[in-house]
Amino acid sequence: MPIPISRRFSATRCALIAIFIAAQLLLPGLLAAAEPLRLQLRWLHQFQFAGYYMALEKGYYRQAGLDVEILQGGPHAAKPIDILLAGQADFAIANSGLVIARMQGKPVVALAAIMQTSPIVWIVRADSGIYSPHDLAGKRVMLMPPPESTELLITLAREGIDLNRLEVQQTSFNPQDLVDRHTDAYDGYSTNEPFWLKQQGVDYRLINPREYGVNYYNDVLATRQALLDKRPKDVEAFVQASLAGWQYALDNIEESVQLIHRRYAPNKSLEHLRFEAEELKKLILPELVQLGHMNPGRWETIARNYVELGMAEGPAELDGFIYSQPPAPDHSLLYKVLAGSLLSLLVLGSVALRFAHLTRRLRQEIRLRRSAESDLLNSNQQLEIMANTDPLTGQLTRRKFEEVVDKEIKRAERYGFPLSLVFMDIDHFKRVNDEHGHEIGDRVLSAVASRVKTHLRESDSLCRWGGEEFIVLMPHIDLDQVCALAEKLRAMLAATPVVENIHITASFGVAQWQPGQDLGTLLQRADKMLYRAKQLGRNRVECYPAD
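Please read all numbers here as calculations on a predicted model, not as lab measurements. Residue positions within a chain follow its written sequence, with the count starting from 1. Local features in this predicted model are restricted to residues whose pLDDT is 70 or higher, and side-chain atom pairs enter the listing and the counts only when it is 80 or higher, whereas totals over whole chains, interfaces and linings include all residues. As a rule here, side-chain values come from all non-hydrogen atoms in the structure, and water together with hydrogens is ignored.

Trainee: I'm lost on the overall build of the protein in this one. Help?
Mentor: A run of DSSP states H or I qualifies as a helix once it reaches four residues; a run of E qualifies as a strand once it reaches two. Both are numbered from the N-terminal end. Helix and strand counts for the protein come out as 19 helices and 15 strands. When burial is assessed residue by residue, the protein has 49% of its 547 residues classed as buried. The contact definition used throughout considers only heavy atoms, calling two residues in contact when any of these lie within 4.5 Å. Taking the contacts inside the protein whose residues are at least 6 apart along the sequence as the reference set, 78% of them involve residues at least 24 apart. Accessibility throughout is a Shrake-Rupley quantity obtained with a 1.4 Å probe, and a residue counts as covered only by protein chains that appear here. For the protein, the accessible area works out to roughly 26800 Å², and carbon and sulfur atoms hold 53% of it. A simple rule labels every residue: compare its accessible area, found with a 1.4 Å probe on the protein chains alone, to the largest value its type can have, and call it buried under 20%, exposed over 50%, or partly exposed in between.

Trainee: Quick question: what am I supposed to make of the sheet that holds strand β9 (residues 204-207) here?
Mentor: Hydrogen bonds along the backbone pair up the strands of a sheet, which may run parallel or antiparallel. A pair of strands is considered paired only if DSSP assigns at least 2 bridges between the two. Pairing is antiparallel in the open sheet, where three strands are placed in the order β8-β5-β9. Both edges of this open sheet fall to β8 (186-189) and β9, since each of them pairs with a single strand only. Sheet twist, expressed as the mean angle between neighbouring strand axes with direction ignored, is 45°. Of the strand pairs in this sheet, strand β5 (residues 120-125) and β9 are connected by four bridges, and their pairing is antiparallel. Bridge pairing links Trp122 to Ile207 in β9. Axis lines are fitted through C-alpha atoms, for helices just across the contact stretch, and the angle between N-to-C directions can take any value from 0 to 180 degrees. Contacting β5 and β8, helix α6 (residues 150-158) crosses the sheet at an angle of about 70° to β5.

Trainee: I would appreciate a short explanation of unusual backbone geometry in the present structure.
Mentor: Leave glycine aside and you will find that most residues have negative phi; peptide bonds, for their part, are mostly trans. Backbone geometry at Leu285 places phi at a positive 55°, although glycine is not the residue there. In this fold, Leu285 is placed in the loop between α12 (270-284) and α13 (296-308). With a relative accessible area of 10%, Leu285 lands in the buried category. The phi angle at His428 is positive, at roughly 50°, despite the residue not being glycine. You can see His428 is positioned in the loop between β11 (419-426) and α16 (429-436).

Trainee: Can you help me understand the side chain of Arg224 in this one?
Mentor: Structurally, Arg224 is set in strand β10 (residues 218-224). By the criterion applied in these results, polar contacts are pairs of N or O atoms within 3.5 Å in which, for protein atoms, one can donate a hydrogen and the other can accept it, and in which residues neighboring in sequence qualify only through two side-chain atoms. Engagement of the side chain of Arg224 in a polar contact is seen with the backbone oxygen of Leu84, the distance being 3.2 Å. From its side chain, Arg224 meets the backbone oxygen of Ala89 in a polar contact 2.5 Å long. Once residues within four sequence positions are removed from consideration, Arg224 is found in contact with Leu84, Leu85, Gly87, Ala89, Asp90 and Pro107.

Trainee: I keep staring at the pattern of salt bridges and nothing clicks. Help me out?
Mentor: Pairing between side chains becomes possible if they bear opposite charge and their charged atoms approach one another. What makes a salt bridge here is a side-chain nitrogen of Lys or Arg within 4 Å of a carboxyl oxygen of Asp or Glu, nothing more. Under the counting rule described, the total for this entry stands at 27 salt bridges. The partner of Glu255 in a salt bridge is Lys58, with the nearest N and O atoms 2.7 Å apart. Placement of Glu255 in helix α11 (residues 253-263) and of Lys58 in the loop between α2 (50-57) and α3 (60-63) is noted, with a sequence separation of 197 residues between them. Assessed through its relative accessible area of 31%, Glu255 is described here as partly exposed. Three or more residues joined by partner-sharing salt bridges are found here, namely Glu35, Arg231 and Asp234.

Given below as structure tokens:
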């Protein structure tokens, strides 16, 4: 019976640290003093770099014979790649923009990708009326200089939005500007600023590039080609020690949070560090993807996207860009063939044994490769599901929903059948979080989605639009029927507690698609009706009159 992927990775995690420590104990010569190595971080000390702290604090670097210094970044520090190439650091943390430097001829090498998907997002106020990148037109939008902002810039380019249509602001690194309405869209990390905004009681919405097909690596460990050529064993030891540190940090989050708060980031609260740790784990995917994994095909796709969008010049040739472990020494060369007819039989026997041994090894490697390819296929399938499905409620993400709507509108235009949209918002949801905590709030959202889904047809599509907002797309049904169904959903939610003794109500806005309309117009009409429902006291359904 095949071993589940999660159990195999669990065994790998346990073995990773044990084998690493055992190897160092068997090689005491590696413990000799070595030339110091410097690691340049992308930002200020926080859980984002937990694996490197734990590799240092738990002695993994020391056991590998490495003397490592971790250098803090910050808003006023030079770019990590520039520091790396200037020789002021031996390793650096970069985003996927690292491949741009490689295509520019700069000798950078990607060693390991810690985050399998990027945390970079735009954060907008919930009352801003901004739901998608297209809504940013004419708005004040913060952007960091590339390559730090590449995911956001590529999202705009893919959506056909010219930067000249935005009022671009240099990022202030201060989310208070969003609270004070000095900007309309703040560029931040999904792992960081949302916690602060919740603490301030400010409702927000995320515009996530991943929902628009931009799903790039982040926090990529990098080095210079010259260092790799000069000290290949030290580079390999640094990579393995760092990954062991990351594994320890993810397996021991509370211990890591306490240490980082005490030694590195005393200005960040323990609650903030815990929030960051849990959000980072969703991006690192340690239960699904091997730590540090990089797919050459994915890097090539990222590189081609940069070229196609004018952010880099082609061709996207990446030979030598992705690090590969140095091959194990071939001790077979130590054996010498003895001359002479008297030893010929011994030589032939040795060759035959060697051939048999290589054949067994080849078969074993083929089995391992097939197993790895199967695991990778399953991982990619899971990543595709995650990209299209909201992890909390199991319903469609905004990006996938927009694809479905686009297809349904084209079908409605071709065949002339009705198409309606229901915009739903849970009333006073902030009180649920404030009174019962976010964990209960998440359970309420999941339960609401589950209840609504059971009352929909198979042809209907349910999407978690953001926060406590949901959208239902309903083809082949006229406006009166949709309004009746929305009223049924409203009454059903209000009738009984959704979780334990927690009662909620919801407001609904309904609109029907008219020929020539796009999703934006349809959504705007439904949102207008939702706003009217809330203005009239909530817990009600308002329907846009048919044209």
